[in-house]
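Understanding the architecture of this molecule
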Amino acid sequence: MEEEGFRARAPGKIILAGEHAVVHGSAAVAAAIDLYTHSSLHLLPASEEDGAGAVEVDLRDTGLVFSWPCTRLREVFGDRAGAAVNAPGPCSSDELAAMAKLLEQEHIPDDKIWLAAGLSAFLYLYTSILGYTPGKAVVKSDLPLGAGLGSSAAFSVSLSGALLAAAGAVRPQAAGDGTEWGSFHKEDLELVNQWAFQGEKIIHGKPSGIDNAVSTFGSMIKFKKGEFTNLKSSNPVKMLITDTKVGRNTKALVAGVSERASRHPDAMASVISAVNSISEELSSIVELAADDEVAITAKEEKLAELMEMNQGLLQCMGVSHCAIETVLRTTLKYNLVSKLTGAGGGGCVLTLIPTLLSNSVLEKTTAEIESHGFRCFQVEVGGRGLQFCRGG
Ligand SMILES: Nc1ncnc2c1ncn2[C@@H]1O[C@H](COP(=O)(O)OP(=O)(O)OP(=O)(O)O)[C@@H](O)[C@H]1O
Ligand SMILES: C[C@@](O)(CCO)CC(=O)[O-]
Ligand SMILES: [Mg+2]
């Protein structure tokens, strides 16, 4: 008989300013978007034959299902599993190596080999939080995976939320607004965020923590050196997102920027400091109250200029791509400003949509971008973070 189900959903994000530089201590500004990764979890009774059962994960976006006997997981993680659910800690290099061996036996198809990082994060979070309790998780996302919209953070946050709720380590709150999705107390969200950060470390190598923070807490935030503040945006920020569909990997891009910084420490310190100033200025402009068309336009022009400057500095860091440049050139024809978002190297590009932009210009811009084989879509910016509901 199956036990109770636990479902959590966590949003993706856009970074308005400061990606990469934030890994090196600069400020950055990010906001949640209304595209979610859903994780659901059922705990299962231990199997009668071997008394141990299995842990299964069904990754719907890839059409692949993986399963490991709990006895096999015990060989990898030993007695540590499940012991420190309230004290999130990093995965050791021995555990990473043992998981890599375990995953080699799965024969993941070459064109989906990037999944190994996500599976390692899953196994680490599962065993750290639930030990060797048999269970079945299903993960499904609205987000393009590995495209700069924080799919790895939404994966780690939604899984951590569902696992911690199943372990009884956090107490989900019923939705107060009649919807099915409730949330968690702030201190419970802190615990989810810390576990999700451990998952991000496995996927990204050296994450700043901005993506998991905005996915957990939602809203629009200014983030710097692990601390963040909520930004109260008094006017809606409208963005067009273009997915160039060029695959890339955040871990490799973050490592590439660090290598460039070690080759050119002074020049890169200046670039990072310039990005910090851009993020600081952008965060204060976002909060400015603008209540007539003139003030709103002036505010949007400043935001656009700062985004354009940030894009130039991302090029300096070596994380642009010819597909990104094609989007920039196309939108510039219509006087619109764009920048890459997330790790770059392909993935998604943001275009600021001014409040007074006519629908016909927006439609023409979108059609021309899509004529290059890219996909455009609009999102709501600055919404809710992690949410929870009971059931299948
Ligand atoms: N729904 C999912 N199913 C399986 N694996 C996922 C899922 N979402 C994320 N992942 C894991 O996260 C990896 C993508 O993370 P990566 O950090 O490279 O990109 P991103 O988070 O989408 O972009 P960015 O970090 O720039 O915002 C995938 O290769 C996979 O291992
Ligand atoms: C590239 C990066 O700055 C943002 C990825 O969304 C990495 C990070 O901050 O962890
Ligand atoms: Mg990521």
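So, here's what we can say about the structure. Here the structure is a predicted model, which is why all the values come from computation and not from measurement. (Residues numbered from 1 in each chain as written. Chains lettered and ligands numbered in written order. Predicted model: local features only at pLDDT ≥ 70, side-chain atom pairs only at ≥ 80, totals over all residues. Heavy atoms only, no water.)

Taken together, the protein ligands of the magnesium ion (ligand 3) are S152 (OG) and H204 (NE2), with distances of 2.1 to 2.3 Å. Linking S152 in helix α4 (residues 151-166) with H204 in helix α5 (residues 186-204), this pair joins segments that are 52 residues apart in sequence. (Donors = N, O, S within 2.8 Å, 3.2 Å for Na, K, Ca; no water. Helix = DSSP H or I, 4+ residues; strand = E, 2+ residues; numbered from the N terminus.)

Most of strand β5 (residues 135-141) is tucked away: five of the seven residues are buried. Across seven bridges, the pairing between strand β2 (residues 28-43) and β5 is antiparallel. Considered in β5, the bridge of S39 is made with V139. The sheet contact formed by strand β3 (residues 54-59) and β5 spans five bridges and is parallel. Residue pairing for β5: V57 is matched across the bridge by A137. (Buried < 20%, exposed > 50% of the residue type's maximum accessible area, 1.4 Å probe, protein only. Pairing = 2+ DSSP bridges.)

Here we take up the site of ligand 1. Taken together, 24 residues lie around ligand 1, and K13, G150, S151, H204 and R248 are the ones closest in. S152 places a polar main-chain atom, nitrogen or oxygen, 2.9 Å from an oxygen atom of ligand 1. At 2.7 Å, a side-chain N or O of H204 approaches an oxygen atom of ligand 1. With the chains in place, 97% of the 640 Å² that ligand 1 exposes on its own is no longer accessible. For the shell around ligand 1, the elements supplying multiple residues, two or more each, are α3 (115-130), β5, α4 and α5. Top contributing element to the shell around ligand 1 by residue count: α4, with three residues. Each residue belonging to the shell around ligand 1 can be placed in one class, and the counts come to 10 nonpolar, 10 polar and four charged. Inspection of the shell around ligand 1 shows a minimum of three residues originating in each of domain 1 (5-229 + 382-390) and domain 2 (233-379). (Near = heavy atom within 4 Å. Polar contact = N/O pair within 3.5 Å; in protein donor to acceptor, adjacent residues only side chain to side chain. Areas by Shrake-Rupley, 256 points an atom, 1.4 Å probe, with all protein chains shown as cover. Nonpolar A, V, L, I, M, F, W, Y, C, P; charged D, E, K, R; others polar. Domains from an automatic or database assignment.)

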